[in-house]
Amino acid sequence: ALRAGKLARSLRESGLAVDWGRIVASDAREPADAVTGVSGLCMRPAPEVDTALREGGVPVVLGGDHTCAIGTWSGAANALDPLGPLGLVWIDAHMDSHTPATSHTGRLHGMPLAWLLGELDDPLYGLAAGVVDPRHVCLVGVRSYEPEEDERLRRLGVRVVFMEEIRRRGIDAVLAEALD
């Protein structure tokens, strides 16, 4: 729909150099099981992001939910590895740090950060793990989470900025700290 709506052309007309990359989608050969099918899609953006960054571009990944972050940041970590550790500012109302064993719903969109941090308790899905060092991750804007996620992120030393802190300190101060 975005391609048909001429998004790339509009961006070019505003002065941006845009190359509309490959659309990553499922196909009929993928498993009918939703979890297996979605997990198969998760890593598909990785090579596209890797290539874009190595060629000096700035990849933009538009996805239907947070699972696309697994492939997005796996590709970024791979391409940027020679420059040092990848830092990640995760701006979201949720922690997205469940694993299959702790998830209350079993939905993968609540798990991508756990995978990126290397917190696997079920290797069945075959997703990337451990591509971001927890010391280089900051969650910003959290207001809704489960105790299991909070325990995991505290144990790993991930900095979490809750909405109350943003209201108290201001978004500029919080984002400056997150980038540090």
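Read on for an overview of the structure. (Residues numbered from 1 in each chain as written. Predicted model: local features only at pLDDT ≥ 70, side-chain atom pairs only at ≥ 80, totals over all residues. Heavy atoms only, no water.)

## Regarding the overall build of the protein chain
Alright, step 1. Tallying secondary structure elements over the protein chain gives eight helices and three strands in all.
Alright, step 2. Walking the protein chain from its N terminus toward its C terminus, one meets helices and strands in the order α-α-α-α-β-α-β-α-β-α-α.
Alright, step 3. A compact globule built from 180 residues should have a C-alpha radius of gyration of about 16 Å, and the protein chain, at 17 Å, falls within 12% of that.
Alright, step 4. Viewed in the frame of its principal axes, the protein chain has a C-alpha envelope of about 45 × 40 × 35 Å.
Alright, step 5. The buried share among the 180 residues of the protein chain stands at 36%.
Alright, step 6. Summarising the internal contacts of the protein chain: among those between residues at least 6 apart in sequence, 53% fall at separations of at least 24.
Alright, step 7. Taken as a whole, the protein chain presents about 10400 Å² of accessible surface, with 54% of it coming from carbon and sulfur.
Alright, step 8. Mean positive and mean negative side-chain charge positions of the protein chain (18 and 26 charges, respectively) differ by 5 Å. (Helix = DSSP H or I, 4+ residues; strand = E, 2+ residues; numbered from the N terminus. Rg over C-alpha atoms; globule rule 2.2 N^0.38 Å. Buried < 20%, exposed > 50% of the residue type's maximum accessible area, 1.4 Å probe, protein only. Contact = heavy atoms within 4.5 Å. Areas by Shrake-Rupley, 256 points an atom, 1.4 Å probe, with all protein chains shown as cover. Lys, Arg positive; Asp, Glu negative; His and termini not counted. Charge placed at Lys NZ, Arg CZ, Asp CG, Glu CD.)

## Overview of the side chain of Glu165
Alright, step 1. Assignment of secondary structure puts Glu165 in helix 7 (residues 163–169).
Alright, step 2. Polar contacts involving the side chain of Glu165 include one to the side chain of Arg159, which spans 2.6 Å.
Alright, step 3. When neighbours within four sequence positions are excluded, Glu165 is seen to be in contact with Arg159, Val160, Gly170, Val174 and Glu177. (Polar contact = N/O pair within 3.5 Å; in protein donor to acceptor, adjacent residues only side chain to side chain.)

## Re the sheet that holds strand 2 (residues 137–142)
Alright, step 1. As summarised here, the arrangement of the three strands in space is 1-2-3, forming an open sheet in which the pairing is parallel. The open sheet has two free edges, formed respectively by strand 1 (88–91) and strand 3 (159–162), since each of these has just one partner strand. Taken pair by pair, the neighbouring strands of this sheet meet at an average axis angle of 15 degrees, ignoring direction.
Alright, step 2. Pairing of strand 1 with strand 2, which is carried by four bridges, proceeds in the parallel orientation. Note that in strand 2 the partner of Val89 across the bridge is Cys138. (Pairing = 2+ DSSP bridges. Axes fitted to C-alpha atoms, helices over the stretch in contact; angles between N-to-C directions.)

## Overview of a nonpolar patch on the surface
Alright, step 1. Together, Leu2, Leu7, Leu11, Leu16, Val60 and Leu62 line one region of the surface with nonpolar side chains, adding up to about 540 Å² of accessible area.
Alright, step 2. Of note, Leu2 is situated in the segment before helix 1 (7–13). (Patch = residues over 30% accessible without salt bridge, like charges linked within 9 Å, V, L, I, M, F, W, Y side chains within 5 Å. Salt bridge = Lys/Arg side-chain N within 4 Å of Asp/Glu carboxyl O.)

## What to know about the nonpolar core
Alright, step 1. Of all hydrophobic cores here, the largest spans 17 residues; its most connected members are Val137, Leu139 and Val160.
Alright, step 2. Within the residue set of this core, elements represented by two or more residues are helix 4 (68–80), strand 1, helix 5 (112–116), strand 2 and strand 3.
Alright, step 3. It is strand 2 that contributes the most residues to this core, three residues altogether.
Alright, step 4. When sequence neighbours within four positions are dropped, the list of residues in contact with Val160 reads Met95, Leu139, Val142, Leu153 and Glu165. (Core = buried A, V, L, I, M, F, W, Y, C linked by side-chain atoms within 4.5 Å.)

## Considerations on the side chain of Thr102
Alright, step 1. Residue placement: Thr102 occurs in the loop between strand 1 and helix 5.
Alright, step 2. Separated by 2.8 Å, the side chains of Thr102 and His98 make a polar contact.

## Considerations on the environment of Met163
Alright, step 1. Examined against the element boundaries, Met163 turns out to sit in helix 7.
Alright, step 2. Taking relative accessible area as the criterion, Met163 reaches 23% and is therefore assigned partly exposed.
Alright, step 3. Remark: the alpha-carbon pair of Met163 and Ala93, spanning 70 residues in sequence, is separated by 8.2 Å.

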